[in-house]
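# Summary of structural features
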There are 2 protein chains.
Amino acid sequence: MIPLALPEVYKLIEPGPVVLLATRARTGRANVMTMSWHMMTEFAPPSVACVVSSANHSFKALRSTGECVIAIPSVAMAETVVAVGNCSGRSGDKLAMLGLATAEASLVRAPLLPQCLANLECRVTDMTLVERMNLFVLEVVAAWIDPRQRRAKTIHHCGYGAFIVDGRRISLPSAKA
Amino acid sequence: MIPLALPEVYKLIEPGPVVLLATRARTGRANVMTMSWHMMTEFAPPSVACVVSSANHSFKALRSTGECVIAIPSVAMAETVVAVGNCSGRSGDKLAMLGLATAEASLVRAPLLPQCLANLECRVTDMTLVERMNLFVLEVVAAWIDPRQRRAKTIHHCGYGAFIVDGRRISLPSAKA
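This structure is a prediction, so every number in the text was calculated from the model and none was measured.

## A short note on the sheet that holds strand 10 (residues 162–171) of chain A
Taken in spatial order, the 4 strands of this open sheet run 9(A)-10(A)-10(B)-9(B), and their pairing is antiparallel. Whereas interior strands pair on both sides, the edge strands pair on one side only; in this sheet they are strand 9 (155–157) of chain A together with strand 9 (155–157) of chain B. Pairwise comparison of adjacent strand axes, ignoring direction, gives a mean angle of 45° for this sheet. Where strand 10 of chain A and strand 10 (residues 162–171) of chain B come together, 7 bridges link them in antiparallel fashion. In the strand pairing of strand 10 of chain B, Ser171(A) is matched with Ala162(B).

## Considering the environment of Cys68(B)
Residue and element names in this part refer to chain B. For cysteine 68, the position within the fold is in strand 6 (residues 67–72). By relative accessible area, cysteine 68 is classed as buried at 0%. With 32 residues separating them in the primary sequence, cysteine 68 and serine 36 have C-alpha atoms 15 Å apart. Residues contacting cysteine 68, with those up to four places away along its chain left out, are Leu21, Ala22, Thr23, Leu62, Val108, Ala110, Leu120, Glu121, Cys122 and Leu138.

## A short note on the confidence of the model for chain A
Looking at chain A as a whole, the pLDDT averages 96, with 100% of positions reaching at least 70. Two numbers describe this predicted complex: its pTM, 0.97, and its ipTM, 0.97.

## Examining the pattern of salt bridges
Scanning the model with the defined rule gives 8 salt bridges over all chains in all. In this structure, the salt-bridge partner of Asp126(A) is Arg132(B), at a minimum N-O distance of 2.4 Å. Of this pair, Asp126(A) sits in strand 7 (residues 118–126) while Arg132(B) sits in helix 5 (residues 130–133), placing the two residues on different chains. The buried category is assigned to Asp126(A), whose relative accessible area is 7%. The exposure class assigned to Arg132(B) is exposed, which follows from its relative accessible area of 55%. Across the salt bridge formed by Arg123(B) and Glu67(B), the nearest N and O atoms sit 3.9 Å from each other. You can see Arg123(B) sitting in strand 7 (residues 118–126) and its partner Glu67(B) sitting in strand 6, a full 56 residues away along the chain. Judged by its relative accessible area of 33%, Arg123(B) falls in the partly exposed class.

## A few points about the interface of chain B and chain A
The interface is formed by 51 residues belonging to chain B together with 51 residues belonging to chain A. Together chain B and chain A conceal approximately 4800 Å² of surface at their shared face, both sides included; 60% is due to carbon and sulfur atoms. Our enumeration of links across chain B and chain A arrives at 2 salt bridges. Linking chain B with chain A are 25 residue pairs in polar contact (both at pLDDT 80 or more). Taken together, the elements giving at least two residues each to the side of chain B that touches chain A come down to helix 1 (10–13), strand 4 (38–42), strand 5 (47–51), helix 3 (78–86), helix 5, strand 8 (135–145), strand 9 and strand 10 of chain B. When grouped by side-chain class, the residues that make up the side of chain B that touches chain A number 27 nonpolar, 14 polar and 10 charged.

## Remarks on unusual backbone geometry
In this chain, Ala44(A) is followed by Pro45(A) through a cis amide linkage whose omega measures -5°. Here Pro45(A) shows up in the loop between strand 4 (38–42) and strand 5 (47–51). Even without glycine at this site, Asn134(B) takes up a positive phi of about 60°. Checked against the element boundaries, Asn134(B) lands in the loop between helix 5 and strand 8. Backbone geometry places Tyr160(B), a non-glycine residue, at a positive phi of 50°.

## Here's the deal with the nonpolar core
Membership of the largest hydrophobic core comes to 74 residues, with the highest contact counts inside it found for Ile70(A) and Ile70(B). Discounting chain neighbours no more than four positions away, the residues touching Ile70(B) are Ile13(B), Val19(B), Leu20(B), Leu21(B), Met35(B), Val48(B), Ala118(B), Asn119(B), Leu120(B), Cys122(B) and Leu138(B).

## Observations regarding a positive patch on the surface
Together, Arg151(A), Lys153(A), Arg169(A) and Arg168(B) make up a region of like positive charge exposed at the surface. Positionally, Lys153(A) belongs in the loop between strand 8 (135–145) and strand 9. Among the residues examined, Lys153(A) registers a relative accessible area of 38% and is labelled partly exposed.

## Some thoughts on the environment of Ala162(B)
Turning to its location among the elements, Ala162(B) is positioned in strand 10. Looking at Ala162(B), the relative accessible area reads 12%, which means it is buried. A sequence separation of 80 residues divides Ala162(B) from Val82(B), and the C-alpha atoms of the two residues are 9.8 Å apart. Discounting chain neighbours no more than four positions away, the residues touching Ala162(B) are Arg169(A), Ile170(A), Ser171(A), His156(B) and His157(B).

Cut-offs and rules
- All residue numbers here refer to positions counted from 1 along the written sequence of the relevant chain.
- Key to labels: chains lettered from A, ligands numbered from 1, both in the order written.
- With the structure being a predicted model, the display of local features is reserved for residues of pLDDT at least 70 and the display and counting of side-chain atom pairs for 80 or more, all residues being used for whole-chain, interface and lining totals.
- Computation of side-chain values: all heavy atoms of the structure, hydrogens and water removed.
- Between any two strands, pairing holds if DSSP finds at least two bridges.
- Here a strand is any run of E in DSSP of at least two residues, a helix any run of H or I of at least four, and the numbering for each starts at the N terminus.
- Axis definition: a line fitted to C-alpha atoms, limited for helices to the stretch in contact. Angles are taken between N-to-C directions and run from 0 to 180 degrees.
- Remark: exposure states derive from per-residue accessible area (1.4 Å probe, protein chains only) relative to the maximum for the residue type, with buried under 20%, exposed over 50%, and partly exposed in between.
- It only takes one pair of heavy atoms within 4.5 Å for two residues to be counted as in contact.
- Confidence scores labelled pLDDT are given residue by residue by the predictor and lie between 0 and 100.
- Just to be clear on terms, a salt bridge is a Lys or Arg side-chain nitrogen sitting within 4 Å of an Asp or Glu carboxyl oxygen.
- For any pair of parts, buried area is found by adding up, for both, the accessible area (1.4 Å probe) each one loses once the two are put together.
- Think of a polar contact as two N or O atoms within 3.5 Å of one another; within protein, one of them needs to be a possible hydrogen donor and the other a possible acceptor, and neighboring residues in sequence only count if both atoms come from side chains.
- Under the convention adopted here, Pro, Cys and the residues Ala, Val, Leu, Ile, Met, Phe, Trp and Tyr are nonpolar, Asp, Glu, Lys and Arg are charged, and Gly plus all remaining residues are polar.
- By nonpolar core we mean a set of buried residues, namely Ala, Val, Leu, Ile, Met, Phe, Trp, Tyr and Cys, connected to one another through side-chain atoms within 4.5 Å.
- Nonpolar side chains (Val, Leu, Ile, Met, Phe, Trp, Tyr) are joined into patches within 5 Å and like charges within 9 Å, using only residues with over 30% relative accessible area and no salt bridge.
- Only the protein chains shown count as cover for residues, with accessible areas throughout obtained via the Shrake-Rupley method and a probe of 1.4 Å.
- For the purpose of charge, His is not counted, nor are the chain termini; Lys and Arg are scored as positive and Asp and Glu as negative.
- For the purpose of locating charges, the reference atoms are NZ of Lys, CZ of Arg, CG of Asp and CD of Glu.

Encoded structure:
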């Protein structure tokens, strides 16, 4: 993985792919969940809002450490993505159980997931709406991309394990980012 | 357009399509903007968070009326979507200029855009983060779908007029919504 310039991050998140959210609890144990409820809130520094249900085991680690990694899987990882969504970190080490490799991040303690096409190291910057709607705001403080997966297709969740895979790319003259 | 059951709404928003946001200012004038920074925050009642920049002409109408319509265009409307993004409602009646038809909504004053595959009538429910990050939370109070466009492909924005069109659909056994 090579560094990705932070102002490029929105191009990965804005299309709405399913992502994996990796955390590391204060105990040192890493965990991972799937996430589709996320959006950009700022270009630079890149900021992302996301909803992490308090029913998810990852919620506590995210709230208490204020750190996570958002990793973007390609369609090649679709079965792993669903497997991540179908079990809880409560029952053991999900990353090991699912054969998900990890690597050390540069600025946060949550792990990178190097099988994914991109990894975004994030710090929580706002928890105003966590109590009421489980909504966290994150700043992306470092970003990594796998150059071999630059053209990889992502997946978009439509409910109950149904996904749309990226199709063709079109380009129209736009004045705006 | 026929009514769409509200608990089905997340299946349209969660995949992350570009949407059109229609508003009607207190003056009575309707306007429309493109939006890619949105996410689900609750299944039922379906709630959506979105970022509408205070630089957008629509911001004031959304904040002052607390109402809008989120309309989901198919790829057939891609050129219109970019045209909507390339001009401002400050300079005139965008809907008329761009040949966008409108229809009366059932519960809000903002117009429906019946050329789109779905229309979500929304009321603002939380403005806590509007001042700091232009983040509105909406509740979808009524939803409409065009049955002829049920399989229509949506588009996902990757920056500067580059879009990914929906590709193939895959389905994997999932225990969760």
